[in-house]
Amino acid sequence: MSDSTRNTHHAPDTQDAGWRFAHSYTQLSDVFYARSRPVPFSKPSLYILNRQLALELGLNFDRFPEAELACLFTGQQIPNNADPIAQAYAGHQFGGFTFLGDGRAILLGEHETPTGNLVDIQFKGSGQTVFSRRGDGRAALGPMLREYIISEAMHSLGIPTTRSLAVATTGEPVYREKMLRGAVLTRVAASHIRVGTFQYIAARKDFDNLKSLADYTIARHYPGLVDAKEKYLAFVYAVAERQAALIAQWQSVGFIHGVMNTDNMAISGETIDYGPCAFMDTYHKDTVFSSIDDYGRYAYGNQSVIAQWNLARFAETLLPLIHEQHETAIELATKAIHSIPATYQRYWGQTMGKKLGFTHLESVDTALVESLLTWMQQNKLDFTNTFCDLSSDQQLEKEIYQDASFLNWRREWEQKLLDAGIKREDAIATMRQVNPTIIPRNHRVEEALQACEERDDVQVLERLLAAITDPFSQDADLQSYREPPPPAQRCYQTFCGT
Ligand code: AMP
Ligand code: MG
């Protein structure tokens with residue numbers, strides 16, 4: 001594929017921040033990528049840098065002036081050992097298949113962390129690539145800060161996710177419905193290999209490269225399977241298991257991804273591509289935030305079914321590797337896909353059970369969880385705060401909890417805990433470990449983004465980040481972050497094409 005070298009320059013300045021680049025992905029055939037460069041930007045400026053994450057990655061940016069960091073994090077100074085590429089992939093977007101690829105992202109390579117892990121370092125919003133189609137390759141400040149906030153919140157909640165290392169502004173406008181400020185996000189991921197990466201190579205009917213990609217991905221993310229019998233089938237089961245566990249974790253905190261297209265589903269099992277995602281305030285299983293999700297395809301209550309659908313598309317790509325006889329391959333893959341609901345239910349029971357104080361899956365009664373959720377939905381209650389209230393005798397004195405159906409439910413719950421031999425104080429300890437008191441509530445996220453976009457006031461953002469990265473805190477000073485939105489801000493909508 002073409003090498004779209006542009007006039008960015010190599011400078012030694014931030015080279016010794018500790019980068020240790022490897023380039024295993026580019027060992028694959030070049031059908032999987034195109035060498036690509038960030039475009040020049042007129043006035044780079046560093047907006048926010050995640051120094052804690054930098055430390056975890058073995059990177060130290062402390063001694064570099066901000067101007068140098070601004071050049072680094074807008075792609076104007078590429079680390080010497082980077083080998084920038086845009087990755088090719090395809091995907092089902094809202095059900096329809098398309099060839100895609102990184103239209104506004106550039107991968108610098110895989111950085112080796114102090115613990116020996118390889119993580120992708122990727123710029124998002126760094127300009128057009130050969131995969132840009134009609135897009136401008138750019139990103140706006142608000143959405144990049146939004147990804148930063150939500151991904152760091154997810155990480156603090158213990159949910160597998162890509163991370164955000166920095167956001168820098170480009171000094172150039174980005175044209176959406178209105179003119180916005182351009183920005184680049186530096187994203188860190190276990191990898192950016194997607195269900196869509198497999199769909200891309202399978203759609204080209206390139207068997208040899210399909211096998212190379214599968215072997216590469218197994219070695220990188222599922223090393224335990226390298227020598228497994230029927231390893232490609234085992235690979236399907238293993239990816240399905242990680243996805244099932246991931247979606248159960250999303251459900252347990254009320255996270256709605258919003259655009260679960262197959263190209264936004266990472267094979268590593270991390271949450272990836274934060275677009276129109278949001279956390280639910282008031283519980284309702286049909287909650288949708290995305291302005292373009294008219295039919296609720298990616299609603300809260302549909303996420304596990306969609307994950308299964310996406311995994312079916314994944315398994316289809318591997319059919320020629322699963323078995324040489326097509327009929328047998330289909331039979332084996334179908335069985336794997338049909339096993340997903342039970343796997344998901346197991347993880348869901350485990351995570352939701354813990355939210356009610358049950359430590360062992362065997363003691364969890366999923367009907368008990370379901371009936372609580374139904375009651376919450378009927379009474380339009382806040383998802384996060386209701387679970388927190390359940391571990392506080394004082395909160396349970398509130399009027400809403402004197403409701404007859406809740407009192408019945410509570411008696412049943414307390415009986416089930418007793419039956420499982422779990423004392424109330426132990427249940428409370430478990431619940432406080434898993435029920436966040438602070439999530440990135442939409443109105444607080446919007447408030448922080450507005451302060452940045454309109455007044456360049458980063459303090460609101462910094463305070464929000466401090467709160468959401470301490471999500472299980474009982475600290476009274478953080479109380480304002482626990483409040484649901486005022487009624488006027490309850491109809492929240494998120495937008496794609498950001
Ligand atoms: P997303 O919905 O952000 O996951 O993106 C879906 C596809 O559209 C991916 O191939 C992106 O690279 C591409 N894309 C999104 N925004 C832009 C943009 N502004 N310019 C070029 N490509 C884009
Ligand atoms: Mg995407």
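Here the structure is a predicted model, which means the values were calculated and not measured. The written sequence of each chain sets the order in which its residues are numbered from 1. Numbering of ligands from 1 and lettering of chains from A proceed in the order in which they are written. Local features in a predicted model are, by the rule used here, given only for residues with pLDDT of at least 70; side-chain atom pairs are given and counted only at 80 or more, and totals for whole chains, interfaces and linings are based on all residues. Here the side-chain values reflect all heavy atoms present in the structure, with hydrogen atoms and water set aside.

Visitor: Is there a simple way to explain the site of ligand 1 in this structure?
Guide: In the vicinity of ligand 1, 16 residues are found, and the nearest of them are Gly 101, Gly 103, Asp 136, Gly 137 and Asn 264. A 3.5 Å cut-off defines polar contacts: any pair of N or O atoms within that distance qualifies, except that in protein one atom must be a possible hydrogen donor and the other a possible acceptor, and neighbouring residues in sequence count only when both atoms are side-chain atoms. Between Asp 136 and ligand 1, the recorded distance is 2.9 Å, taken from a side-chain N or O atom to a nitrogen atom. In this structure, Asn 264 approaches ligand 1 through a side-chain N or O atom, which is 3.0 Å from an oxygen atom. Considering ligand 1 on its own, with 480 Å² of exposed area, one finds that the protein chains cover 80% of that surface. Counted by class, the shell around ligand 1 contains two nonpolar, seven polar and seven charged residues. Throughout this document, a residue counts as near a molecule or strand when at least one of its heavy atoms sits within 4 Å of that molecule or strand. Note on areas: Shrake-Rupley with a 1.4 Å probe; residue coverage comes only from the protein chains shown. Under the scheme applied, nonpolar residues are Ala, Val, Leu, Ile, Met, Phe, Trp, Tyr, Cys and Pro; charged residues are Asp, Glu, Lys and Arg; polar residues are all the others, including Gly.

Visitor: Where do I start with helix H13 (residues 424–434) in this structure?
Guide: At 3.6 residues per turn, the α-helix brings residues three or four places apart onto the same side. For H13, the full list of buried residues reads Ala 427, Ile 428, Thr 430 and Met 431. One side of H13 holds all its buried residues, which, seen down the axis, span an arc of 165°. Residues Glu 425 and Gln 433 are exposed on H13 and point more than 90 degrees away from its buried face. Contacts between residues were defined by any pair of non-hydrogen atoms, one from each residue, lying within 4.5 Å. Helical segments are the DSSP runs of H or I of at least four residues, strand segments are the runs of E of at least two, and each set is numbered from the N terminus. Among the structural elements, helix H9 (340–355), helix H11 (383–389) and helix H12 (404–419) are those in contact with the buried residues of H13. Burial status follows relative accessibility: with a 1.4 Å probe on protein chains alone, a residue under 20% of its type maximum counts as buried, one over 50% as exposed, and anything between as partly exposed. Within this analysis, the arc is defined by the directions that extend from the helix axis to the C-beta atoms.

Visitor: Could you clarify how one ought to interpret the packing of helix H6 (residues 231–253) against H9 in this entry?
Guide: Geometry of a packed helix pair, given as the angle between the helix axes and the separation of the axes. Interaxial angles span 0 to 180 degrees and are taken between N-to-C directions of axes, which are lines fitted to C-alpha atoms, for helices over the stretch in contact. Here H6 crosses H9 at 35°, and the two axes come no closer than 8 Å. The two elements H6 and H9 meet at a crossing, and its hand is right-handed. Side by side, H6 and H9 meet where Ala 240, Glu 241, Ala 244, Ala 245, Ile 247, Ala 248, Gln 249, Gln 251 and Ser 252 of the first sit next to Ile 340, Thr 343, Tyr 344, Arg 346, Tyr 347, Trp 348, Thr 351, Met 352 and Lys 355 of the second. Its residues assigned to classes, the contact of H6 with H9 shows ten nonpolar, five polar and three charged. Should the near helix be turned anticlockwise from the far one by less than a right angle, the crossing is termed left-handed; should it be turned clockwise, right-handed.

Visitor: Help me understand the coordination of the magnesium ion (ligand 2), please; the structure alone is not making it clear to me.
Guide: Put simply, the ideal angle at a metal is 109.5 degrees for four donors in tetrahedral geometry and 90 or 180 degrees for six donors in octahedral geometry. Coordinating N, O and S atoms are those within 2.8 Å of the metal (3.2 Å for Na, K and Ca), and as water is not part of the atoms, a site may appear to have fewer donors than expected. Those protein atoms acting as donors to the magnesium ion (ligand 2) are Asn 264 (OD1) and Asp 273 (OD), and they sit at 1.9 to 2.1 Å. Comparing Asn 264 with Asp 273 shows no difference in burial state: the two are buried.

Visitor: What's the story with the pattern of salt bridges in this structure? I'm lost.
Guide: Note on pairing: side chains with opposite charge can pair once their charged atoms come close. Each reported salt bridge corresponds to a side-chain nitrogen of Lys or Arg within 4 Å of a carboxyl oxygen of Asp or Glu. Summed over the entire model, instances satisfying the criterion amount to 28 salt bridges. In this structure, Arg 35 and Asp 83 form a salt bridge, with 2.7 Å as the shortest nitrogen-oxygen distance. Highlighted residues: Arg 35 in strand E2 (residues 33–35) and Asp 83 in the loop between helix H2 (66–72) and strand E4 (85–87), separated in sequence by 48 residues. The class for Arg 35 is partly exposed, based on a relative accessible area of 31%. Look at Asp 83 and you get buried, because its relative accessible area is 18%. Residue Glu 414 is joined to Arg 410 by a salt bridge in which the shortest nitrogen-to-oxygen separation is 3.0 Å.

Visitor: Quick question: what am I supposed to make of the confidence of the model for the protein here?
Guide: It should be kept in mind that the predicted coordinates are not to be read in detail where pLDDT is low. Confidence of the prediction at every residue is given by pLDDT, a number between 0 and 100. The predicted model of the protein averages 95 in pLDDT, with 97% of residues at 70 or higher. Here residues 1–7 is a poorly scored stretch, pLDDT under 50, and it has 18 contacts once near neighbours within four places are set aside; other chains count.

Visitor: Is there a simple way to explain the domain arrangement of the protein in this structure?
Guide: In many reports, interface size means the accessible area that the parts give up when they come together. Domain extents, as shown, originate in an automatic or database domain assignment. If you check the domain split of the protein, you get domain 1 (3–192), domain 2 (207–270 + 290–338) and domain 3 (348–381 + 391–434). Placing the centre of domain 1 and that of domain 2 at their C-alpha centroids yields a distance of 25 Å. Listed by partner, the interface residues are 28 residues for domain 1 and 25 residues for domain 2. Each of two parts loses accessible area, computed with a 1.4 Å probe, when they are put together; buried area is these two losses added. In total, domain 1 and domain 2 occlude about 2100 Å² of area from one another, counting both sides; carbon and sulfur atoms represent 64% of this.

Visitor: Help me understand the nonpolar core in this model?
Guide: Within soluble globular proteins, side chains that are nonpolar generally end up buried alongside one another. Side-chain atoms within 4.5 Å are what join buried Ala, Val, Leu, Ile, Met, Phe, Trp, Tyr and Cys residues into a set we call a nonpolar core. With 99 residues, the main nonpolar core has Phe 198, Phe 235, Leu 318, Leu 356 and Leu 390 as its most contacted residues. By residue number, the principal contributor to this core is H6, which donates 14 residues. When sequence neighbours within four positions are dropped, the list of residues in contact with Phe 198 reads Ile 193, Leu 210, Leu 213, Ala 214, Thr 217, Phe 235, Ile 267, Phe 314, Thr 317 and Leu 318. Counting residues in hydrophobic clusters, the runner-up holds 28 residues, among them Trp 19, Phe 61, Leu 69 and Phe 73.

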